[in-house]
Amino acid sequence: MAQKGVQLDRETFSCSICLDLLKDPVTTSCGHNYCMDCIKTHWDGEDEKEVYSCPQCRNSFTPRPVLLKNTMLAALVEKLKKTGLQAAPADHCYAGAEDVACDVCTGRKLRACKSCLQCLASYCDKHLQPHFDAATFKKHKLVEPSKKLQENICSRHGEVMKLFCRTDQQSICYLCSVDEHKGHDTVSAAAERTERQRELEGSRLNIQQRIQDGEKEVKLLQQEVKAVNGSADKAVEDSEKMFTELIRLMEKRSSDVKQQVRSQQKRVVSRVKELQKKLEQEMAELKLLSHTEDHNQFLHSYPSLPALSEATHSSSINIRPLSYFEDLTAALSAVRDKLQDVLREEWTNVSSTEVDVLLPAAEPTTRAGFLTYSQEITLDPNTAYAFLLISEGSRKARLMKQQQSYSSHPDRFTEWPQVLSRGSLTGRCYWEVERRGGRVCVAVSYKNIRREGDGCRFGFNDKSWALDCKQNRYSFCYNNIETTVSGPQSSRVGVYLDHRAGILSFYSVSQTMTLLQRVQTTFTQPLHAGVWVCDDGDAAELCKLK
């Protein structure tokens, strides 16, 4: 009963923000208590709203209240501490939504530190202690906290599933083994785990290779994100410059038009005023002469007057109210319409431009998956070594003792018995090569590989990648560096290429497919398939897969 009272006191005198005992307690006008630092920090985050609220009842205050330490409450908390009241566990010790909660705790549950596979329960540090102290619990299996403990319980019998039925490939309890699984091949779950762990260990090298490949792909994606961000920033910067130049050009043209209009306006108005002044002067002279009473003066001035038969100035003036610059306005209107048409047509191209991002697609895991990318490939006789016989619809290359009657061609290999495919390879594609004889090399190469000299051999330059298939072993060669490759022997080699992602993989193909070598790089040109045949009679054939 006393313990219940202590629990009540702890909750009553705890800050609802930090969940610890009140420190320098303050009381809001709505009657709730907080640590001074906690409520200050909370309200600091509401400064920009200029409305401050109580974290518990959401009562709002304007302006921000000035809070003073509640000395009586502070004294009471100190007195309760001396009577044995302890601070509540730190908030990070409580179980959150993503945590595994202690199954023994009541009220607000603490975070579990271990789960027991025998008890099928999870425990915090305090409630786990009996598993270390009591002999009964010391043999129990403790694991990291898990939310999936109930998956270990048989849904039919409610018992812990400690057995594994190999016949039905499922976990079972003891009652299942003597009931519906009677007579089945059953072992302990621990024994099955050991067996599968052994199988997993056998695939360790492949797993490690996949992890390494995954890490390389992550780095590639990180580089791609950096490249995309940099390219986008540059595109925005360039577009701003271009629009600024366009705006500056339009402003200059606008200024030029204004200057042109004002200049013409000034010139025409000046001319009109001159005509007006001259006309007014003539009119004044006519009026003065018509009112002259002195006959001699009239006769003296009369010859200086313009002939009355001549057209007056006013008859030559064409009045066009508000339409003097309508031709210029019409020309500008035509320019505007053309600009709008250009922007409308070209903007479709700008707005529809898609950014093609290098995101490597998942490599298939089954032969059926690879076959969806199968490519029909044929060999190019114009590249074939003179002693190579190309047959079977240009899919097979066999090394002969007699030179073949090929015409001279600049693409022909002159030093090594090898040949390239006709078409180039881009995107995602897959093909298989069937080898016959002692030694055949399966390769991919850029078209601009050398055709003569030692450096033209597949794998012995930086323009080709080659898997050398010998009688009892494989080796991979690139840029004159050869490495031994382990894997099951097979007469058929599968080649998978994801050109855009920079992935090239060689597989040993039999009833299953085994990865022999994977390359992660950046291909700068289209690729061609290639084969190299070592000895007389040896052959390599590009298989029909469709």
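All values derive from a computational prediction rather than experimental measurement.

**Overview of the overall build of the protein**
Across its full length, the protein holds 11 helices and 23 strands. In the protein, which comprises 546 residues, the share counted as buried stands at 29%. Split by element, the accessible area of the protein, about 35,600 Å² in all, is 53% carbon and sulfur.

**Concerning the side chain of Asp 380**
Structurally, Asp 380 is set in the loop between helix 11 (367-371) and strand 11 (388-391). Among buried charged residues, Asp 380 stands out as having no salt bridge; its nearest opposite-charge side chain is Arg 422, 4.6 Å away. Beyond its immediate stretch of four places on either side in the chain, Asp 380 contacts Val 419, Leu 420, Ser 421 and Arg 422.

**With respect to helix 8 (residues 204-290)**
An ideal rise of 1.5 Å per residue puts 129 Å on 87 residues; helix 8 measures up with 127 Å between its terminal C-alpha atoms. When helix 8 is considered as a whole, its buried residues turn out to be Asp 213, Leu 220, Glu 224, Val 261 and Leu 289.

**Examining the pairing of strand 11**
Burial of strand 11 is one-sided: the residues Leu 388 and Ile 390 facing one way are buried, the residues Leu 389 and Ser 391 facing the other way are not. Linking strand 11 to strand 12 (residues 396-399), which pair antiparallel, is a turn of 4 residues; within it Glu 392 sits at a positive phi near 55 degrees.

**What to know about the packing of aromatic side chains**
This model, assessed by the stated rule, comprises 13 aromatic pairs. For the pair Trp 43 and Tyr 52, a centre-to-centre distance of 6.1 Å together with 65 degrees between the ring planes defines the contact as edge-to-face. Judged on exposure class, the residue Trp 43 and its partner Tyr 52 are both buried. Ring geometry for Trp 465 and Phe 523: centres 5.2 Å apart, planes at 85 degrees, overall edge-to-face. Highlighted residues: Trp 465 in strand 16 (residues 464-469) and Phe 523 in the loop between strand 21 (513-520) and strand 22 (527-533), separated in sequence by 58 residues. Per residue, the accessibility class of Trp 465 equals that of Phe 523, and both read buried. A cation over an aromatic ring shows up here: Arg 451 above the ring of Phe 413, its NZ or CZ 4.9 Å from the ring centre. Looking at Arg 457, its charged tip hangs above the ring of Trp 416, at a distance of 4.9 Å from the centre.

**Section: a nonpolar patch on the surface**
A grouping of Phe 243, Leu 246, Ile 247 and Trp 347 is seen on the molecular surface, where their side chains present a nonpolar patch of about 430 Å² in accessible area. By residue number, the principal contributor to the nonpolar patch is helix 8, which donates 3 residues. Assignment of secondary structure puts Trp 347 in helix 10 (residues 326-351). By relative accessible area, which is 48% here, Trp 347 ends up partly exposed.

Here is what the cut-offs are and how they apply
Residues numbered from 1 in each chain as written. Predicted model: local features only at pLDDT ≥ 70, side-chain atom pairs only at ≥ 80, totals over all residues. Heavy atoms only, no water. Helix = DSSP H or I, 4+ residues; strand = E, 2+ residues; numbered from the N terminus. Buried < 20%, exposed > 50% of the residue type's maximum accessible area, 1.4 Å probe, protein only. Areas by Shrake-Rupley, 256 points an atom, 1.4 Å probe, with all protein chains shown as cover. Lys, Arg positive; Asp, Glu negative; His and termini not counted. Salt bridge = Lys/Arg side-chain N within 4 Å of Asp/Glu carboxyl O. Contact = heavy atoms within 4.5 Å. Expected span 1.5 Å × (residues − 1). Pairing = 2+ DSSP bridges. Phe/Tyr/Trp six-rings, centres within 6.5 Å; stacked < 30°, edge-to-face > 60°. Lys NZ or Arg CZ within 6 Å of the ring centre and 35° of its normal. Patch = residues over 30% accessible without salt bridge, like charges linked within 9 Å, V, L, I, M, F, W, Y side chains within 5 Å.

Functional significance is not addressed by these values, which are geometric in nature.
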